[in-house]
Amino acid sequence: MLLATAGALSAQDVQEFKPLKKTPVRRARRETNASREARIQRTINATYAHPWEVFGGGGYLRFRSGESTQKNNEVSWAVAVHRYLNPKFAVVGDVRGSFGRAHALKFNDLQQIPNPQINEYTFMGGGNYRFYGKEKLALSIEGLAGAGWGLFSGGAKGLSGTQVGLWQDGVRPAFSVGLNLDYNFYPNLAFRVTPTYVGTTFADATSGTKVQNNMGFNMGVVYRFGSH
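Every value quoted in this text rests on a predicted model; they were computed, and no experiment measured them. (Residues numbered from 1 in each chain as written. Predicted model: local features only at pLDDT ≥ 70, side-chain atom pairs only at ≥ 80, totals over all residues. Heavy atoms only, no water.)

Engineer: How do you make sense of the pattern of salt bridges when you look at a structure like this?
Structural biologist: In a structure, side chains of opposite charge can pair up when their charged atoms sit close to one another. Throughout the structure, instances matching the rule amount to seven salt bridges. Glutamate 53 is the partner of arginine 192 in a salt bridge, and the nearest nitrogen-oxygen pair spans 3.0 Å. Taken as a pair, arginine 192 in strand β7 (residues 189-200) and glutamate 53 in strand β1 (residues 52-64) lie far apart in primary sequence, 139 residues in all. Just as arginine 192 is buried, glutamate 53 falls in that class too. Here aspartate 182 ties to arginine 192 by a salt bridge, and the two come within 2.7 Å at their closest N and O atoms. (Salt bridge = Lys/Arg side-chain N within 4 Å of Asp/Glu carboxyl O. Helix = DSSP H or I, 4+ residues; strand = E, 2+ residues; numbered from the N terminus. Buried < 20%, exposed > 50% of the residue type's maximum accessible area, 1.4 Å probe, protein only.)

Below, the structure written as structure tokens:
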């Protein structure tokens, strides 16, 4: 009897102290370098496979409003359409408007018009070359040429722009060079900043046509769409 009881207790002890089986823990598989690079390349291909880009935004321009005036600050808006012929080269259509107040001439005796309102619009076309395109960043340079339309008499209280030392109203040749810096949120959506040079050729009544070298920047949203 004692032997049977001891045997039963020994069997129970063995069961109690039997090591428990560990439940296997599943760990998420880490992305390998090869799969990561493949995923990034797919994103790059999807981003720059779009043949169309539309840009819209605003900016700033430092503009010279007359032969003897100081440069003035202007607020700008800009819209551009890019049609990419391949992932690097595009043709561009570009429209901009800039608005500000010109500085009066120091020797101008018409001091009742110290800072007349002036407006300029440009209508240009040209080409764009994207020389850097990654998953999040893209860089491209573009050159544009076309026409600039200047309105320098609208704020001169009945006087012409030339009477207060500004350029003549009218349409004249214009050209621009810019560097586009894109940050991609998604393959079809990006934020763009463009430092830009704008050359206009407005004229005054005495010295004729002059080249105005104007510097500024535009920034806004880029939307990409379509497929080749």
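Engineer: Sorry, what's going on with the packing of aromatic side chains here?
Structural biologist: Any two aromatic rings considered together are summarised by their centre-to-centre distance and by the angle between their planes. Considering all chains together, one arrives at 11 aromatic pairs under this definition. Residues tryptophan 52 and phenylalanine 225 carry aromatic rings whose centres are separated by 6.3 Å and whose planes lie at 10 degrees to one another, so their mutual orientation is stacked. Linking tryptophan 52 in strand β1 with phenylalanine 225 in strand β10 (residues 212-225), this pair joins segments that are 173 residues apart in sequence. Given a relative accessible area of 33%, tryptophan 52 falls into the partly exposed group. Among the residues examined, phenylalanine 225 registers a relative accessible area of 32% and is labelled partly exposed. Between tyrosine 183 and phenylalanine 185, the ring centres sit 5.5 Å apart and the planes meet at 75 degrees, which makes this aromatic pair edge-to-face. Put simply, the rings of Trp52, Tyr223 and Phe225 pair up and form one aromatic cluster. Cation over ring: arginine 130 sits above tyrosine 84, and NZ or CZ is 4.2 Å from the ring centre. (Phe/Tyr/Trp six-rings, centres within 6.5 Å; stacked < 30°, edge-to-face > 60°. Lys NZ or Arg CZ within 6 Å of the ring centre and 35° of its normal.)

Engineer: How should helix α2 (residues 33-48) be read in this particular structure?
Structural biologist: Structurally, the α-helix is built with 3.6 residues per turn, so residues lying three or four positions apart point the same way. With 16 residues, α2 should cover 22 Å at 1.5 Å per step; its first-to-last C-alpha distance of 23 Å lies within 8% of that length. The complete set of buried residues in α2 reads Ile40, Ile44, Thr47 and Tyr48. Buried residues in α2, looked at end-on, bunch into an arc of 75 degrees, giving them a common side. With respect to the buried face of α2, the exposed residues turned more than 90 degrees away are Ala34 and Arg42. Residues of α2 that are buried in the fold lie against β4 (117-133), β5 (137-151), β6 (170-186) and β10. (Expected span 1.5 Å × (residues − 1). Arc of directions from axis to C-beta. Contact = heavy atoms within 4.5 Å.)

Engineer: Honestly, the environment of lysine 210 in this entry has me stumped. Any pointers?
Structural biologist: Tracing the chain through its elements places lysine 210 in the loop between β9 (208-209) and β10. The sequence separation of lysine 210 and threonine 200 amounts to 10 residues, and the corresponding C-alpha distance is 8.1 Å. Among all residues touching lysine 210, those that are not within four sequence positions of it are Glu67, Trp167, Thr200, Thr201 and Phe202.

Engineer: What should I look at first to understand the sheet that holds strand β2 (residues 71-84) in this one?
Structural biologist: Remark on secondary structure: sheet strands pair via backbone hydrogen bonds, oriented parallel or antiparallel. Pairing in this closed barrel of eight strands is antiparallel, and the strands run β1-β2-β3-β4-β5-β6-β7-β10 around the ring. Across the sheet, the mean angle from the axis of one strand to that of its neighbour is 25 degrees, orientation sign disregarded. Running over the sheet, α2 touches β4, β5, β6 and β10 and is turned about 140 degrees from β4. (Pairing = 2+ DSSP bridges. Axes fitted to C-alpha atoms, helices over the stretch in contact; angles between N-to-C directions.)

Engineer: Is there a simple way to explain empty space enclosed by the protein in this structure?
Structural biologist: Scanning the model with the defined rule gives two cavities of 30 Å³ or more in all. Lining the largest cavity are 15 residues, and of these Leu61, Arg96, Ser98, Thr122 and Val198 lie nearest its centre. Those elements giving two or more residues to the lining of the largest cavity turn out to be β1, β3 (89-101), β4, β7 and β10. Each residue belonging to the lining of the largest cavity can be placed in one class, and the counts come to five nonpolar, eight polar and two charged. There is about 70 Å³ of room inside the second largest cavity. Lining the second largest cavity we find Phe55, Ala78, Ala80, His82, Asp94, Arg96, Glu142, Asn180, Arg192, Thr194 and Asn218. Sorting the residues of the lining of the second largest cavity by element identifies β2, β3 and β7 as the ones contributing at least two each. Element by element, the count of residues in the lining of the second largest cavity is highest for β2, at three residues. (1 Å grid on protein atoms, 1.4 Å probe; cavity = no way out; pocket = protein on both sides within 12 Å on 5 of 7 lines; lining within 4 Å. Points joined across faces, edges and corners; volume = space filled by probe spheres on them. Nonpolar A, V, L, I, M, F, W, Y, C, P; charged D, E, K, R; others polar.)

Purely geometric numbers; function is a separate question.
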